[in-house]
Amino acid sequence: KNEVEQSPQNLTAQEGEFITINCSYSVGISALHWLQQHPGGGIVSLFMLSSGKKKHGRLIATINIQEKHSSLHITASHPRDSAVYICAVANTDKLIFGTGTRLQVFP
Amino acid sequence: EPEVTQTPSHQVTQMGQEVILRCVPISNHLYFYWYRQILGQKVEFLVSFYNNEISEKSEIFDDQFSVERPDGSNFTLKIRSTKLEDSAMYFCASKYLGGSETQYFGPGTRLLVL
């Protein structure tokens, strides 16, 4: 069983739609990260959370430590948001990654 | 803005050859990491490095792998005798402090073993 599970695996949306990506984990963590990976392969850190909620522009990330669950929301989605979104948990000093959610936003 | 850099961006090698992947972490960072991503799969942790020694390594990081920080700027991953299954994207990452800090990723080196 994967230590970090994401859903859905693939997601398509029309421009302007509200998007939610979910992440559940089964290990002890010190923090949870949301990352973005573009088709070229580069990885960019979006958020690091250890509790509550964070907002950056149209992106919102929440975490519920008791339920071992986090969500990434994108409001007013845009085609440039198309990418793979990855949840990763910090366990000891390393990151354990989920399999990612491939998002495609169509105009 | 400071960034992690990696060279080469792509490398093709023959099975059994040694490869060295190079990374230049952000200059004041103290913690360094290598991850890999086999095509179509999730990113996997290989090794973490702090204070000139390995602090943690995964089962993937066997005797064929080694890491080094030969000077104040470079952080290298060496694969002694490459196998076909070593073909992957290799990412270097660094962070300033221990614990829950953001890791900054390099752009990756795509390694193809033939």
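Residues numbered from 1 in each chain as written. Chains lettered and ligands numbered in written order. Predicted model: local features only at pLDDT ≥ 70, side-chain atom pairs only at ≥ 80, totals over all residues. Heavy atoms only, no water.

1. Some words on the sheet that holds strand S3 (residues 19–24) of chain B
Residue and element names in this part refer to chain B.
Now for step 1: A sheet is described by the order of its strands in space; here 4 strands give the open sequence S1-S3-S8-S7, paired in antiparallel fashion. Of all strands in the sheet, those with a lone pairing partner are strand S1 (5–7) and strand S7 (65–68), marking the two edges. Strand-to-strand twist of the sheet, defined as the mean angle between neighbouring strand axes without regard to direction, takes the value 20°.
Now for step 2: Note that S1 and S3 share 3 bridges and pair antiparallel. Bridge pairing links Thr7 to Arg22 in S3. (Pairing = 2+ DSSP bridges. Helix = DSSP H or I, 4+ residues; strand = E, 2+ residues; numbered from the N terminus. Axes fitted to C-alpha atoms, helices over the stretch in contact; angles between N-to-C directions.)

2. Considering unusual backbone geometry
Now for step 1: Going from Ser7 of chain A to Pro8 of chain A, the amide bond is cis rather than trans, its omega being -10°.
Now for step 2: In this structure, Pro8 of chain B follows Thr7 of chain B across a cis peptide bond, with omega equal to -10°.
Now for step 3: Among the secondary structure elements, Pro8 of chain B is positioned in the loop between S1 and strand S2 (10–13).
Now for step 4: Phi at Ala76 of chain A is positive, roughly 45°, even though this residue is not glycine.
Now for step 5: Counting through the fold element by element, Ala76 of chain A comes out in the loop between strand S8 (69–74) and strand S9 (83–91).
Now for step 6: Among the residues examined, Ala76 of chain A registers a relative accessible area of 46% and is labelled partly exposed.
Now for step 7: Phi at Asn51 of chain B takes a positive value of approximately 55°, unusual for a residue other than glycine.
Now for step 8: Mapped onto the elements, Asn51 of chain B comes out in the loop between strand S5 (43–50) and strand S6 (53–57). (Buried < 20%, exposed > 50% of the residue type's maximum accessible area, 1.4 Å probe, protein only.)

3. Considerations on the state of the cysteines
Now for step 1: With the rule as written, the count across this model stands at 2 disulfides over all chains.
Now for step 2: Across the disulfide, Cys23 of chain A is cross-linked to Cys87 of chain A (sulfur-sulfur distance 2.0 Å). For the disulfide bridge between Cys23 of chain A and Cys87 of chain A, the dihedral angle about the S-S bond is near -60°, and by the sign convention the bridge is left-handed. One end of the pair, Cys23 of chain A, is in strand S3 (residues 19–25); the other, Cys87 of chain A, is in strand S9, with 64 residues separating them in the sequence.
Now for step 3: For Cys23 of chain A, a relative accessible area of 0% corresponds to the buried category.
Now for step 4: For Cys87 of chain A, a relative accessible area of 0% puts it in the buried group.
Now for step 5: Note that Cys23 of chain B is cross-linked by a disulfide to Cys92 of chain B, the S-S spacing being 1.9 Å. (Disulfide = S-S within 2.5 Å.)

4. Looking at the environment of Thr101 of chain A
Residues and elements named next belong to chain A.
Now for step 1: You can see Thr101 is positioned in strand S11 (residues 101–106).
Now for step 2: In this structure the C-alpha to C-alpha distance between Thr101 and Pro39, which are 62 residues apart in sequence, comes to 13 Å.
Now for step 3: In this structure Thr101 touches Gln6, Ser7, Pro8, Gln9, Leu11, Ile21, Ala83, Val84 and Tyr85, once residues within four positions along its chain are discounted. (Contact = heavy atoms within 4.5 Å.)

5. With respect to the sheet that holds S8 of chain A
Residue and element names in this part refer to chain A.
Now for step 1: Here we have 5 strands laid out as an open sheet, ordered S1-S3-S8-S7-S6, and antiparallel in their pairing. The outermost strands of the open sheet, each flanked by one partner alone, are strand S1 (4–7) and strand S6 (52–56). Across the sheet, the mean angle from the axis of one strand to that of its neighbour is 15°, orientation sign disregarded.
Now for step 2: The sheet contact formed by S1 and S3 spans 4 bridges and is antiparallel. Within the sheet, the bridge partner assigned to Gln6 lies in S3 and is Cys23.

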